[in-house]
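# Residue-level structural notes
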Amino acid sequence: MKIKMKFSLKFPTKYLNPVQAISGLELTDSFLRFLNINNSHTKEFSLRLPPGIIEKGQVKDFNKLVAALNQLRRQLQLSHKTIPIIVTISANNVYSQVFNLPYLALSKIEEAAKLNLKMISPLNINAVYSDWQIIGENMLSGGQLELLGAFIRSDVADDFLRALQANNFLVVALEFIPLSVARAIKKIMVKEIVAAKPYLFLFISNEGLDVSILKDGNLYFNKFISWPRENVRSSIGLELQKVINFYYGRWGVSISDLILISPEKIADVEEAIKELGL
């Protein structure tokens, strides 16, 4: 079964005032997490996944994932047959890149962005789902728009989408964890974020670390790092320094501030951060 579903970086505005509230569903190697906020009522459920169902962000046992989603669906006890959701998945298999466009009429930005996606796609454009969003502007060549493009192999995405469809989940958007969290940070920390200042953003999970660059609350760069098998502190410190150096080399601006989200204190991570002076 072929599912026509685009990878989405844009909030689905056509669903802003639906009769039925849109829920959020996160799928990782370890958990399914569901959240529904309807007026003042919040419904939250999580289900731990046994090893081998999802590995490194890819579905390895489709039937067991369908069964797990069915179990979650029964726990929700929602009366609606179909549940509209925004799905968030791990960034392991997502490739993202910032590109520039000259200032154009709104009617021409879509066409120009799609052309650029074809040129920067890591795979044949017909083998991926892709999308883009405007994240800022710069003063190069008299002024340009900055856009973030993101790609995921369509076969990787389709395995998730088919399993969700089998349980009557209606996917209105598919995105990756750093993008979802960046959007939340932009809304929650609106008073703390300094305009035009880049931040190193570190999101820690069971699977590993998402190391990102945020500016004005927008995602400019992301790299997923699996947990090192040894020399954790030095390995993490090296990866963080690489990202900082990359940003300086690309944009010519140093990063001195960090946003850290972690379920618990991890000594090796804290030490690596301190050694970088963040």
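Described in the following lines is the structure provided in the data block. (Residues numbered from 1 in each chain as written. Predicted model: local features only at pLDDT ≥ 70, side-chain atom pairs only at ≥ 80, totals over all residues. Heavy atoms only, no water.)

## Observations regarding the nonpolar core
- Judged by nonpolar contacts, the single largest core of 67 residues is most densely connected at Leu-27, Leu-32, Leu-65, Leu-69 and Ile-85.
- Sequence-distant contacts of Leu-27, defined by excluding residues within four places in its chain, comprise Leu-32, Ile-54, Leu-65, Leu-69, Val-87, Thr-88, Ile-89, Ser-90 and Phe-160.
- Residues Ile-109, Ile-120, Val-128 and Leu-145 belong to the second largest nonpolar core, which totals 12 residues. (Core = buried A, V, L, I, M, F, W, Y, C linked by side-chain atoms within 4.5 Å. Buried < 20%, exposed > 50% of the residue type's maximum accessible area, 1.4 Å probe, protein only. Contact = heavy atoms within 4.5 Å.)

## Topic: the packing of helix α1 (residues 62–76) against helix α3 (residues 154–165)
- One can describe the packing of α1 onto α3 by two numbers: an axis separation of 9 Å at closest approach and a directional angle of 45°. When the axis of α1 is compared with that of α3, the two are oblique. At the point where α1 passes α3, the crossing takes the right-handed sense. Residues Phe-62, Leu-65, Val-66 and Leu-69 of α1 touch α3, and the partners they reach there are Asp-159, Phe-160, Arg-162, Ala-163 and Leu-164.
- For the contact of α1 with α3, the class distribution of residues is seven nonpolar, no polar and two charged. (Axes fitted to C-alpha atoms, helices over the stretch in contact; angles between N-to-C directions. Helix = DSSP H or I, 4+ residues; strand = E, 2+ residues; numbered from the N terminus. Parallel < 35°, antiparallel > 145°, perpendicular 65-115°, else oblique. Left-handed = near helix turned anticlockwise from the far one by under 90°. Nonpolar A, V, L, I, M, F, W, Y, C, P; charged D, E, K, R; others polar.)

## Concerning the packing of aromatic side chains
- According to the stated counting rule, one finds six aromatic pairs in the structure shown.
- Taken together, a centroid distance of 6.0 Å and an interplanar angle of 35° make the contact between Tyr-95 and Phe-151 tilted. With a gap of 56 residues between them, Tyr-95 in strand β7 (residues 94–102) and Phe-151 in strand β9 (residues 144–153) connect regions that are remote in the sequence.
- For Phe-151, a relative accessible area of 2% translates into the label buried.
- Relative to Phe-246, the ring of Phe-221 lies with its centre 4.8 Å away and its plane at 35°, an arrangement referred to as tilted. One end of the pair, Phe-221, is in strand β13 (residues 218–226); the other, Phe-246, is in helix α5 (residues 232–251), and 25 residues separate them in sequence.
- Across the ring face of Phe-31, the terminal group of Arg-33 is positioned such that the distance to the ring centre comes to 4.3 Å.
- If you follow Arg-73 out to its NZ or CZ, it ends over the ring of Phe-169, 5.8 Å from the centre. (Phe/Tyr/Trp six-rings, centres within 6.5 Å; stacked < 30°, edge-to-face > 60°. Lys NZ or Arg CZ within 6 Å of the ring centre and 35° of its normal.)

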